[in-house]
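# Coordinates in review
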Amino acid sequence: MLETSSVLKRSSAQVSCNLDEEIAVLHLQRARYFGLAGVGAHIWLSLERPRSVGEICDSVADHFDVAPASWRSDVLAFLASLQEAGLVEVVD
């Protein structure tokens with residue numbers, strides 16, 4: 001389970017690139033493609049270096065007009081889905 005203090009980084013088992021306003025991510029070992037846009041693309045770009053979940057949440061709040069009641073849980077759920085897909089991993 002991810003906590004706000006958890007630090008995440010992009011997995012070395014992926015490659016990604018910008019395609020117009022979308023980020024294309026390919027998991028190399030699973031041969032699965034992911035397309036990220038909007039908030040998802042912002043989160044992915046923020047992971048150019050390892051960052052805590054709390055920092056990522058703050059970045060989303062600073063850049064998007066989001067409802068305070070839902071944005072943190074939405075970001076946590078999205079990050080958990082990236083982790084489950086093998087695209088990000090927790091830094092020990």
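Note: the structure precedes this text.
These lines cover the structure that appears in this document, whether it is placed above or below. (Residues numbered from 1 in each chain as written. Predicted model: local features only at pLDDT ≥ 70, side-chain atom pairs only at ≥ 80, totals over all residues. Heavy atoms only, no water.)

## Considerations on the packing of helix α1 (residues 39-46) against helix α2 (residues 53-63)
Here α1 crosses α2 at 135°, and the two axes come no closer than 10 Å. When the axes of α1 and α2 are compared, the pair comes out oblique. Of the two possible hands of crossing, α1 and α2 adopt the one that is right-handed. Where α1 abuts α2, its residues Val39, His42, Ile43 and Ser46 lie against Ile56, Ser59, Val60 and His63. Residue composition of the contact of α1 with α2, by class: four nonpolar, four polar and no charged. (Axes fitted to C-alpha atoms, helices over the stretch in contact; angles between N-to-C directions. Helix = DSSP H or I, 4+ residues; strand = E, 2+ residues; numbered from the N terminus. Parallel < 35°, antiparallel > 145°, perpendicular 65-115°, else oblique. Left-handed = near helix turned anticlockwise from the far one by under 90°. Contact = heavy atoms within 4.5 Å. Nonpolar A, V, L, I, M, F, W, Y, C, P; charged D, E, K, R; others polar.)

## Examining the sheet that holds strand β6 (residues 88-90)
Here we have three strands laid out as an open sheet, ordered β5-β1-β6, and antiparallel in their pairing. Looking at strand neighbours, the two that pair on one side only are β5 (51-52) and β6, the edges of this open sheet. Judged from the three bridges that link them, strand β1 (residues 7-10) and β6 form a sheet pairing that is antiparallel. Considered in β6, the bridge of lysine 9 is made with glutamate 89. (Pairing = 2+ DSSP bridges.)

## Focus: the environment of alanine 37
Relative to the elements of secondary structure, alanine 37 occurs in strand β4 (residues 32-37). For alanine 37 and glutamate 21, which are 16 residues apart along the polypeptide, the C-alpha to C-alpha distance reads 6.5 Å.

## Comments concerning unusual backbone geometry
Despite not being glycine, aspartate 20 shows a phi value in the positive range, around 55°. Its location among the elements puts aspartate 20 in the loop between β2 (14-19) and β3 (22-27). Notably, alanine 31 is not glycine yet its phi reads approximately 55°, a positive angle. Here alanine 31 shows up in the loop between β3 and β4.

## With respect to the nonpolar core
Grouped burial of nonpolar side chains is what soluble globular proteins tend to show. Of all hydrophobic cores here, the largest spans 21 residues; its most connected members are Leu8, Val25, Ile43, Trp44, Val75, Leu79 and Leu87. Not counting residues up to four positions away in its chain, the partners in contact with isoleucine 43 are Ile56, Val60, Val75, Phe78 and Leu79. (Core = buried A, V, L, I, M, F, W, Y, C linked by side-chain atoms within 4.5 Å. Buried < 20%, exposed > 50% of the residue type's maximum accessible area, 1.4 Å probe, protein only.)

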